[in-house]
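Given next are the chains, with one letter for each unit.
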Amino acid sequence: METALISLVLSMVAALMIGPYIIEKLRSFKFGQNVRLDGPKSHLTKQGIPSMGGFIFLSVLTLMGFVLSGFNPKVMFMILVTLSFSLIGFLDDYLKVKKKSSDGLSAKHKMLYLLVFGLLAGSTLYFGFDYKSLMIPFLGYEIHLGLLYILFVVIFFAAATNAVNLTDGIDGLSSTVTIIVVIFYALISWRSGDQEVFFFALTLIGGLLGFLYFNRYPAKVFMGDTGSLALGGAVGIMALMTRTELLLILVGLIYVVETLSVIIQVLYFKKTGKRFFRIAPIHHHFEAVGWKENKVVLVFGLVTLMMVIITYLLM
């Protein structure tokens with residue numbers, strides 16, 4: 001526990017120290033944000049702000065995670081899973097810069113890569129860590145899936161990474177929500193004595209807190225898909241490792257609502273030719289009706305905190 005707390009502090013300090021350097025490098029490489037034209041008009045001023053800022057907390061997580069854990073195999077696996085999904089995000093971000101557009105990887109190619117890395121993670125969990133069942137929360141009931149567990153992991157990662165990715169769109173939103181969600185996994189791993197997940201969670205929280213200093217409104221850098229897909233992978237692997245996959249629906253309620261808002265928008269438009277929300281995902285809808293970015297972050301963060309508290313107390 002002491003090592004994990006030290007890692008949290010060092011990760012936060014390291015992120016604060018390397019942040020300006022990485023932001024300047026991203027700016028010099030012209031890795032700037034390409035704002036979607038159908039988004040809120042207020043976001044047009046964000047055009048060109050450095051993206052791919054996920055490198056800030058990912059580099060800290062990798063260095064501190066490997067070294068301070070003593071190259072613990074379980075911690076290293078969790079970091080590698082996180083980095084694998086970050087790689088997809090980096091490719092997406094890079095193509096956006098190259099095309100000078102808000103469109104990067106095609107949806108088909110992005111999903112294909114997510115499924116491949118999900119398959120690798122699921123196979124490792126099944127054959128390497130002997131994970132083969134799904135726990136039903138609050139009931140203590142266990143469903144043995146056998147090889148179908150790998151398929152479950154593939155679908156789970158595809159859903160989790162896309163959901164966190166959709167939440168990234170307002171200064172500090174995805175960072176804030178995810179920090180609170182990761183605190184939940186830190187708490188349950190601490191309670192169960194899972195030192196590796198506890199260490200991973202606190203190290204990630206430290207890196208994200210440091211990153212949030214630069215990502216808060218008005219943002220000096222965005223995490224990009226490099227960061228958001230990585231966070232989806234990190235949240236997903238913590239849920240799998242702690243066997244609380246279904247609880248992510250509760251503690252990650254904001255992720256779920258963001259995803260549902262996009263699905264509803266698409267289906268409603270196809271059926272009626274009209275939009276259900278002014279703009280989707282739903283955080284942009286609230287902006288369109290007059291909410292300031294800080295208000296959206298505050299409300300979404302408080303909702304997440306409330307769900308984390310309720311879920312933890314019910315366990």
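For clarity, every value in this text was computed on a predicted model and none was experimentally measured.

### So, the packing of helix α6 (residues 173-192) against helix α7 (residues 195-215)
For any two helices packed against each other, the geometry comes down to the angle between their axes and how far apart the axes lie.
Item 1. At a closest axis distance of 9 Å, the pairing of α6 and α7 adopts a crossing angle of 160°. In terms of axis orientation, α6 runs roughly antiparallel to α7. As for the relative orientation of α6 and α7, their crossing is left-handed in sense. On α7, the residues touching Ser 175, Thr 176, Thr 178, Ile 179, Val 182, Ile 183, Tyr 185, Ala 186, Ser 189 and Trp 190 of α6 are Val 197, Phe 198, Ala 201, Leu 202, Leu 204, Ile 205, Leu 208, Leu 209, Phe 211, Leu 212 and Asn 215.
Item 2. Looking at the contact of α6 with α7, its residues break down into 16 nonpolar, five polar and no charged.

### Structural notes on the environment of Lys 30
Item 1. Summarising the element assignment, Lys 30 is placed in the loop between α1 (2-28) and α2 (54-68).
Item 2. Sequence separation between Lys 30 and Ile 136 is 106 residues, and the spatial gap between their C-alpha atoms is 47 Å.

### Comments concerning the packing of aromatic side chains
Item 1. Evaluation of the coordinates by the stated rule reveals 17 aromatic pairs.
Item 2. Between the aromatic rings of Phe 152 and Phe 156, the centroid separation amounts to 5.8 Å while the plane-to-plane angle is 25°, which identifies the pairing as stacked. Taken together, the positions of Phe 152 and Phe 156, both in helix α5 (residues 148-167) and four residues apart, correspond to about one turn of that helix. Accessibility assignment for this pair places Phe 152 and Phe 156 in one class, buried.
Item 3. With 4.4 Å between their ring centres and 25° between their planes, Phe 286 and Trp 291 make a pair best called stacked.

### Remarks on the packing of α1 against α7
Item 1. Put simply, α1 and α7 touch, their axes get as near as 7 Å, and they point 30° apart. Relative to α7, the element α1 lies roughly parallel. Crossing geometry of α1 relative to α7 is assigned as right-handed. Contacts between α1 and α7 pair Thr 3, Ala 4, Leu 5, Ser 7, Leu 8, Ser 11, Met 12, Ala 15, Leu 16, Gly 19, Pro 20 and Ile 23 from the former with Phe 198, Phe 199, Leu 202, Thr 203, Ile 205, Gly 206, Gly 207, Leu 209, Gly 210, Phe 211, Tyr 213 and Phe 214 from the latter.
Item 2. In terms of residue class, the contact of α1 with α7 is built from 16 nonpolar, eight polar and no charged.

### Some details on unusual backbone geometry
Item 1. Following Tyr 217, the chain continues to Pro 218 via a peptide bond in cis, the omega torsion being -5°.
Item 2. Here Pro 218 shows up in the loop between α7 and α8 (224-241).
Item 3. Here the bond from Ala 280 into Pro 281 is cis, since omega is 0°, no more than 30 degrees from zero.
Item 4. Tracing the sequence through the fold places Pro 281 in the loop between α10 (253-272) and α11 (282-288).

### Remarks on the environment of Ala 163
Item 1. One can find Ala 163 in helix α5.
Item 2. For Ala 163, a relative accessible area of 9% puts it in the buried group.
Item 3. The residues contacting Ala 163, other than those within four sequence positions of it, are Tyr 255 and Thr 259.

### Digging into the nonpolar core
Item 1. Judged by nonpolar contacts, the single largest core of 87 residues is most densely connected at Leu 125, Tyr 185, Leu 204, Ile 237, Met 238 and Leu 240.
Item 2. It is α7 that provides the largest number of residues to this core, a total of 12 residues.

### Thoughts on the side chain of Glu 245
Item 1. Relative to the helices and strands, Glu 245 is located in the loop between α8 and α9 (248-251).
Item 2. One buried charge, Glu 245, has no salt-bridge partner; the nearest side chain with opposite charge is Arg 243, at 5.9 Å.
Item 3. Aside from chain neighbours lying at most four places away, what touches Glu 245 is Leu 134, Tyr 149, Phe 152, Phe 156, Ala 239 and Leu 240.

### Focus: helix α3 (residues 73-99)
Item 1. Over its 27 residues, α3 extends 39 Å from the first C-alpha to the last, a length consistent with the 39 Å expected when each residue adds 1.5 Å.
Item 2. The N-terminus of α3 is capped by Asn 72, whose side-chain oxygen sits 2.9 Å from the backbone nitrogen of Lys 74.
Item 3. Taken from the residues just after α3, Lys 100 is the one with a positive phi, measuring 55°.

### Points about the pattern of salt bridges
Item 1. According to the stated counting rule, one finds eight salt bridges in the structure shown.
Item 2. Glu 24 is paired through a salt bridge with Arg 27; the nearest N and O atoms lie 3.2 Å apart. Here Glu 24 and its partner Arg 27 are both found in helix α1, three residues apart, which amounts to about one turn of the helix.
Item 3. According to the relative accessible area criterion, Glu 24 is partly exposed, its value standing at 45%.
Item 4. Overall, the relative accessible area of 44% leaves Arg 27 in the partly exposed class.
Item 5. Linked by salt bridges that have partners in common, Asp 92, Lys 96, Lys 110 and Asp 225 make up one network.

What counts, and at which threshold
Residues numbered from 1 in each chain as written. Predicted model: local features only at pLDDT ≥ 70, side-chain atom pairs only at ≥ 80, totals over all residues. Heavy atoms only, no water. Axes fitted to C-alpha atoms, helices over the stretch in contact; angles between N-to-C directions. Helix = DSSP H or I, 4+ residues; strand = E, 2+ residues; numbered from the N terminus. Parallel < 35°, antiparallel > 145°, perpendicular 65-115°, else oblique. Left-handed = near helix turned anticlockwise from the far one by under 90°. Contact = heavy atoms within 4.5 Å. Nonpolar A, V, L, I, M, F, W, Y, C, P; charged D, E, K, R; others polar. Phe/Tyr/Trp six-rings, centres within 6.5 Å; stacked < 30°, edge-to-face > 60°. Buried < 20%, exposed > 50% of the residue type's maximum accessible area, 1.4 Å probe, protein only. Core = buried A, V, L, I, M, F, W, Y, C linked by side-chain atoms within 4.5 Å. Lys, Arg positive; Asp, Glu negative; His and termini not counted. Salt bridge = Lys/Arg side-chain N within 4 Å of Asp/Glu carboxyl O. Expected span 1.5 Å × (residues − 1). Polar contact = N/O pair within 3.5 Å; in protein donor to acceptor, adjacent residues only side chain to side chain.

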